[in-house]
Amino acid sequence: MNDNSNNARERQTYYIERCREQLDNIKASTGKSPTYYVTTFGCQMNARDSEKLMGILEQIGYTEAASEKEADFVIYNTCSVRENANQKLYGHLGSLKKQKEKRPDMLVAICGCMMQQADIVGYIEKSFSFVDIIFGTFNLYKLSELLFLRLTETDRQVVDVLEAPEANVEMLPEKKKYNFKSGVNIMYGCNNFCTYCIVPYVRGRERSRTPEDVLTEVKCLADQGYKEIMLLGQNVNSYGVNFLDESETIKNNLEYGFPELLEEVCKIDEIKRVRFMTSHPKDLSDKLINVIERNPKVARHIHLPVQSGSSAVLKKMNRHYTKESYLELVNKIKTRLPDVSLTTDIMVGFPGETEEDFQDTMDVVRQVGYDQAFTFIYSMRTGTPAATWEQLSEEVVNDRFSRLLELVRETSAEASARFAGQDKEVLVECVNDHMEGYVTGRMDNNILVHFEGSPELVGEFVNVHLDEAKGFYYMGTKL
């Protein structure tokens, strides 16, 4: 760990203590423990960041509230991938303004990807001046410092957004949703610069954690009883570039990449299942398929975003693969991993998309037979090349989107039903909220299963017979 990281960690510890002192004063004057509520928009990376924010707050002395209406400190961890995420945030802030007027001591903070865009920060400062703290994706470890400034300078709005990372601060306090499965960041940022995507601008260029750091974190989780790990990155297949710290492993093995890291994680005995998210089709290698094939711990699920089935559109998107090469990769994966479940992201209405381009996308959906497809209408993001191109009419886009949804429902239900009648190992995740006496778990291919069971099964691997496919989930019987 470099000096910047050590200094940042020391500052974090110092300000956690200072904030704790401030909260003790608040407790003494109000007679109650201050509470917090974190709302997360966006991807798995944001969800991981929120776990760290919650961990820091709990070290300071906050306790989690049941809802944001009851919280003394509300944090929104934002996403900037699509316009509807922006609108959701503004809607929340509009409602929160009324609460803030009734409870002026309540604190509001906004962080995450949206805050890396100067125009949005300026808009929030002007239109939602009651927001107390604003920070971005590169300095969430500074939450305690920013909070201390706000608590001690009550008339000041604290804004701290970095244009690039200043320090690598890992192993932060965390509050995890589950005590048996966890995500682990293996890298940050993205180098792909797809013409529609804002991520490289708000998350920065690719930066990989060293194998030593990743494996240390996984072993620590294993020692705490965690059984399933998800390795996280915007593009895990490009792991191995621009390491955050020096690495003896890399010095001794210049070809070390994601397949090698995945194999090392699988060697940790206590970890029973390993997932990863997300793969870019241009980088998924034969070497990675080999590692998955020979390691039964690796979940038979690959999320492989296609975005479009048209080679012409893919070129305009700067995706670096064609319809033909994508289908060839899918065929290779299915041949080597017969039980694999493939999921994807599909975008409709990219600038210049023709009906012929759209039919290519429909053809890919039919040929692949995805277990699940996350479908989106293209959302113009200011600052990306595609935002300057001529946009399609709303009528055309909505028509295509409806047709795609219908096809996805049909093909996905058929694909995911192929396991009916089989016995599968399921990791039980929760008590079912809608069916009394039932629990819900997930197979290694990421498909959900509901079956009769007691709460004591949560966090355990259970063998289940898949009785009936219900579209995107199964009803089963515990063996």
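Scroll up for the structure.
Worth saying up front: this structure is predicted, and the values here are computed from it rather than measured. (Residues numbered from 1 in each chain as written. Predicted model: local features only at pLDDT ≥ 70, side-chain atom pairs only at ≥ 80, totals over all residues. Heavy atoms only, no water.)

A. A look at the overall build of the chain. Helix and strand counts for the chain come out as 14 helices and 19 strands. Expected size for 479 residues packed as a compact globule is a radius of gyration near 23 Å; at 23 Å, the chain falls within 12% of this value. With respect to the principal axes defined by its C-alpha atoms, the chain has extents near 65 × 55 × 55 Å. Within the span of the chain, comprising 479 residues, buried residues form 55% of the whole. Pairs at least 24 residues apart make up 75% of the contacts formed inside the chain by residues separated by at least 6 positions. Carbon together with sulfur atoms contributes 48% to the accessible area of the chain, which is approximately 21,100 Å² in total. (Helix = DSSP H or I, 4+ residues; strand = E, 2+ residues; numbered from the N terminus. Rg over C-alpha atoms; globule rule 2.2 N^0.38 Å. Buried < 20%, exposed > 50% of the residue type's maximum accessible area, 1.4 Å probe, protein only. Contact = heavy atoms within 4.5 Å. Areas by Shrake-Rupley, 256 points an atom, 1.4 Å probe, with all protein chains shown as cover.)

B. Examining the pairing of strand β10 (residues 228-232) more closely. With five of its five residues buried, β10 lies for the most part within the structure. The alternating pattern of β10 places Glu-228, Met-230 and Leu-232 on one face and Ile-229 and Leu-231 on the opposite face, and all of these are buried. Pairing between strand β7 (residues 181-185) and β10: five bridges, direction parallel. Bridge assignment links Val-184 to a residue of β10, and that residue is Leu-231. Direction of pairing for β10 relative to strand β11 (residues 273-277): parallel, over a ladder of five bridges. Paired with Met-230 across the bridge in β11 is Arg-275. (Pairing = 2+ DSSP bridges.)

C. Region of interest: the pattern of salt bridges. Inspection of the entire model under this criterion finds 37 salt bridges. Between Glu-153 and Arg-156 there is a salt bridge, with the nearest N and O atoms lying 3.2 Å from each other. Exposure remark for Glu-153: the relative accessible area of 31% places this residue in the partly exposed category. You can call Arg-156 partly exposed: its relative accessible area is 35%. A salt bridge links Asp-399 to Arg-403, with the shortest nitrogen-to-oxygen separation between them at 2.9 Å. Of this pair, Asp-399 and Arg-403 both sit in helix α14 (residues 394-416), separated by four residues, roughly a single helical turn. Judged by its relative accessible area of 27%, Arg-403 is partly exposed. One network of salt bridges, with partners in common, ties together Arg-48, Glu-51, Glu-174, Lys-176, Arg-209 and Glu-217. (Salt bridge = Lys/Arg side-chain N within 4 Å of Asp/Glu carboxyl O.)

D. Just the layout of surface pockets, in detail. The volume enclosed by the second largest pocket comes to roughly 430 Å³. Along its surface, the second largest pocket is lined by 16 residues, and Ile-26, Asp-72, Asp-105, Met-106 and Leu-107 are the ones closest to its centre. Where the lining of the second largest pocket is concerned, the elements lending two or more residues are α1 (3-30) and α5 (143-152). Residue composition of the lining of the second largest pocket, grouped by class: seven nonpolar, four polar and five charged. (1 Å grid on protein atoms, 1.4 Å probe; cavity = no way out; pocket = protein on both sides within 12 Å on 5 of 7 lines; lining within 4 Å. Points joined across faces, edges and corners; volume = space filled by probe spheres on them. Nonpolar A, V, L, I, M, F, W, Y, C, P; charged D, E, K, R; others polar.)

E. Region of the structure containing the packing of helix α12 (residues 323-336) against helix α13 (residues 355-368). Contact pair α12 / α13: the axes reach a minimum separation of 11 Å and the direction vectors enclose 10°. Judged by the angle between their axes, α12 and α13 are roughly parallel. When α12 is examined against α13, the residues Lys-323, Tyr-326, Leu-327, Val-330 and Lys-334 are found in contact with a partner set consisting of Asp-360, Asp-363, Val-364, Gln-367 and Val-368. Residue classes in the contact of α12 with α13 are distributed as five nonpolar, one polar and four charged. (Axes fitted to C-alpha atoms, helices over the stretch in contact; angles between N-to-C directions. Parallel < 35°, antiparallel > 145°, perpendicular 65-115°, else oblique.)

F. Up close: helix α4 (residues 118-127). Buried within α4 we find Ile-120, Val-121 and Ile-124. Angular distribution of buried residues about the axis of α4 spans 100°; they occupy a single face of the element. Residues Ala-118, Asp-119 and Lys-126 are exposed on α4 and point more than 90 degrees away from its buried face. Contact partners of the buried residues in α4: α3 (83-102), β4 (107-112), β5 (133-135) and β6 (158-160). (Arc of directions from axis to C-beta.)

G. Geometry of the sheet that holds strand β13 (residues 341-348). As summarised here, the arrangement of the three strands in space is β12-β13-β14, forming an open sheet in which the pairing is parallel. Two strands close off the open sheet at either side, each with one partner strand: β12 (301-303) and β14 (372-377). Strand-to-strand twist across the sheet, computed as the mean angle between neighbouring axes with direction ignored, equals 15°. Pairing geometry for β13 and β14, over six bridges, is parallel. Each bridged residue has a counterpart across the sheet, and for Thr-343 the counterpart in β14 is Gln-372.

H. Expanded view of empty space enclosed by the protein. If you walk through the whole model with that rule in mind, you get two cavities of 30 Å³ or more. Quantified by volume, the largest cavity comes out at close to 260 Å³. Looking at the largest cavity, it is lined by 17 residues, and the ones nearest its centre are Thr-137, Phe-138, Ala-167, Tyr-188 and Arg-207. The volume enclosed by the second largest cavity comes to roughly 30 Å³. Lining the second largest cavity are Arg-48, Lys-52, Glu-170, Met-171, Leu-172, Glu-174, Asn-185, Tyr-188, Arg-209 and Glu-217. Looking at side-chain class alone, the lining of the second largest cavity contains three nonpolar, one polar and six charged residues.

I. Local environment of the sheet that holds strand β2 (residues 63-64). Pairing is parallel in the open sheet, where six strands are placed in the order β2-β1-β3-β4-β5-β6. Single-partner strands in this sheet number two, and they are β2 and β6. Two elements, strand β3 (residues 73-78) and β4, share six bridges in a ladder whose sense is parallel. Counted as the bridge partner of Val-74 is Val-108 from β4. Along the sheet, α4 contacts β4, β5 and β6; its crossing angle with β5, the most-contacted strand, is approximately 175°. In the packing of α5 onto the sheet, the strands contacted are β3, β4, β5 and β6, and the crossing angle to β5 comes to about 155°.

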